[in-house]
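Examining the three-dimensional arrangement
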Amino acid sequence: MSGEDWALLVALSVLWGGSFFFVGIAVRELPVFTIVALRVALAALSLIAVMAWLKIAFPMRPAFLLAILGMGVLNNVLPFSLFVWSQTQIASGLAAILNATTPLFGVIVAHLLTRDERLTANRLAGVVAGFLGVVVLIGPAAILAPGSHTLAELACLGAALSYAFAGVFGRRFKRMGISPIATATGQVSASALILLPAALLIDRPWTLPLPGTATIGAVLGLALLCTALAYILFFRLLASAGATNLLLVTFLIPVSAILLGVLFLGEVLLPRHVGGMALIGLGLAAIDGRAWRSITSKRGARRRPV
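Let us now look at the packing of helix α4 (residues 92-99) against helix α8 (residues 150-169). Closest axis-to-axis distance for the α4/α8 pair is 8 Å, and the angle between their directions is 40°. Judged by the angle between their axes, α4 and α8 are oblique. With respect to the hand of their crossing, α4 and α8 are arranged in right-handed fashion. In this structure, α4 contributes Leu 94, Ala 95, Leu 98 and Asn 99 to the contact, and α8 contributes Glu 153, Cys 156, Leu 157, Ala 160 and Tyr 163. Classifying every residue of the contact of α4 with α8 by side-chain character gives seven nonpolar, one polar and one charged.

In structure tokens form, the structure reads like this:
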């Protein structure tokens, strides 16, 4: 990946890391489908407005419309609903660490379904190192603590698997020549068409008490920052860095969440956080491969006869 790709990856991790925080606030007053439907509907409206302002025409080709429907299900409807429901049962930190299993699924899905993102020893070792780093960073106690939340944990794993499939499925938009903003607008719009009826039928939001200011702010943050802006970056990275590299963002999400907590909430950076981030950095370097190739090339140069 290029330097620009890495910068976008870090920015995306901050946006998506904030989504766990916003969901943790919203679930106190709103039910699952209402939160997810508002998230994608408000994101869709904001992106439609941006496209109109930029005078970008929305593609109406049947192949594109079917593709955004599939992408909306894999990248929004299923994972958003599963993660929000899980956070009614488990802490956001545990949800974040389970979300970090996405690259584990991603390298396998990409190996099975693509020809140019094959599983290599370095990539597998990097993913394992990164996942261990997330475990160390969050703390093993969050996983091993006894409780009756197995279904919620399995829901997070199901969401991570759905993200992995979405990363590979979304590669087709590059071949279609569709701009990142049009793809992002299409998928959240398709998701809204699915989720709004579900929210109306299941949650009956008109019967709910009016949410507080914090909840309204959390929903707006989810929609505008963690969804609308984040998906513009997502599809830009998917086109330039590939599905497997893009899934590395799930390793950085807990890191950004902890750093934001230290900077703005007065939380303490513990030794395990430093150790976890070191392992994550090692995993990212192994998957990226440039450092290893640089070392081996230098060794090969030294061994060459003059």
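A few words now on a nonpolar patch on the surface. Judged by side-chain polarity, Ile 108, Leu 112, Leu 113, Leu 161 and Phe 165 come together as a nonpolar surface patch covering roughly 480 Å² of accessible area. Among the secondary structure elements, those contributing two or more residues to the nonpolar patch are α5 (102-113) and α8. Counting residues per element, the nonpolar patch draws most heavily on α5, which supplies three residues. Among the structural elements, Ile 108 can be located in helix α5.

What follows concerns unusual backbone geometry. With glycine set apart, most residues show a phi of negative sign, and most peptide bonds adopt trans. With phi around 60°, Lys 55 is a residue other than glycine that occupies positive phi space. Tracing the sequence through the fold places Lys 55 in the loop between α2 (32-54) and α3 (62-86). Among the residues examined, Lys 55 registers a relative accessible area of 76% and is labelled exposed. A positive phi angle, close to 45°, is found at Arg 204, a residue other than glycine. Position of Arg 204 relative to the elements: it lies in the loop between α10 (180-203) and α11 (213-241).

If you look at soluble globular proteins, the nonpolar side chains tend to sit buried side by side. Core analysis: the biggest nonpolar cluster contains 83 residues, and Leu 12 and Phe 234 have the highest contact counts within it. Counting residues per element, this core draws most heavily on α11, which supplies 13 residues. Dropping the residues within four chain positions of it, Leu 12 is found in contact with Ala 230, Leu 233, Phe 234, Leu 237, Leu 246 and Val 249.

To continue, consider α8. Between its terminal C-alpha atoms α8 stretches 29 Å, which fits the 28 Å expected from 20 residues at 1.5 Å a residue. The set of residues buried in α8 consists of Ala 152, Ala 155, Cys 156, Ala 159, Ala 160, Ser 162, Tyr 163, Ala 164, Ala 166, Gly 167, Val 168 and Phe 169.

Here we take up the packing of α5 against α8. Contact geometry of α5 with α8 gives a least axis separation of 8 Å together with a crossing angle of 40°. With respect to α8, the axis of α5 lies oblique. The element α5 and its partner α8 pack so that their crossing is right-handed. Every residue of α8 that contacts α5 at Thr 102, Phe 105, Gly 106, Val 109, Ala 110 and Leu 113 is listed here: Leu 157, Ala 160, Leu 161, Tyr 163, Ala 164, Phe 165 and Val 168. When grouped by side-chain class, the residues that make up the contact of α5 with α8 number eleven nonpolar, two polar and no charged.

So, about the side chain of Asn 76. Among the structural elements, Asn 76 can be located in helix α3. Apart from residues no more than four positions distant in its own chain, Asn 76 is found in contact with Val 40, Met 71, Ser 81, Gln 187, Val 188, Ser 191 and Tyr 231.

Bringing the side chain of Thr 215 into the picture now. As for its position among the elements, Thr 215 is in helix α11. The contacts of Thr 215, once residues within four sequence positions are left out, are Ile 25, Ala 26, Glu 29 and Leu 30.

On to the pattern of salt bridges. What the rule picks out here adds up to two salt bridges. Between Glu 4 and Arg 236 there is a salt bridge; the shortest N-O distance is 3.1 Å. Highlighted residues: Glu 4 in helix α1 (residues 3-26) and Arg 236 in helix α11, separated in sequence by 232 residues. Arg 236 is paired through a salt bridge with Asp 5; the nearest N and O atoms lie 3.7 Å apart. A residue pair is termed long-range when its members are at least 10 positions apart, and Arg 236 in helix α11 and Asp 5 in helix α1 qualify at 231 residues. Salt bridges sharing partners connect three or more residues here, namely Glu 4, Asp 5 and Arg 236.

Thresholds, definitions, all that
- Residues numbered from 1 in each chain as written.
- Predicted model: local features only at pLDDT ≥ 70, side-chain atom pairs only at ≥ 80, totals over all residues.
- Heavy atoms only, no water.
- Axes fitted to C-alpha atoms, helices over the stretch in contact; angles between N-to-C directions.
- Helix = DSSP H or I, 4+ residues; strand = E, 2+ residues; numbered from the N terminus.
- Parallel < 35°, antiparallel > 145°, perpendicular 65-115°, else oblique.
- Left-handed = near helix turned anticlockwise from the far one by under 90°.
- Contact = heavy atoms within 4.5 Å.
- Nonpolar A, V, L, I, M, F, W, Y, C, P; charged D, E, K, R; others polar.
- Patch = residues over 30% accessible without salt bridge, like charges linked within 9 Å, V, L, I, M, F, W, Y side chains within 5 Å.
- Areas by Shrake-Rupley, 256 points an atom, 1.4 Å probe, with all protein chains shown as cover.
- Salt bridge = Lys/Arg side-chain N within 4 Å of Asp/Glu carboxyl O.
- Buried < 20%, exposed > 50% of the residue type's maximum accessible area, 1.4 Å probe, protein only.
- Core = buried A, V, L, I, M, F, W, Y, C linked by side-chain atoms within 4.5 Å.
- Expected span 1.5 Å × (residues − 1).

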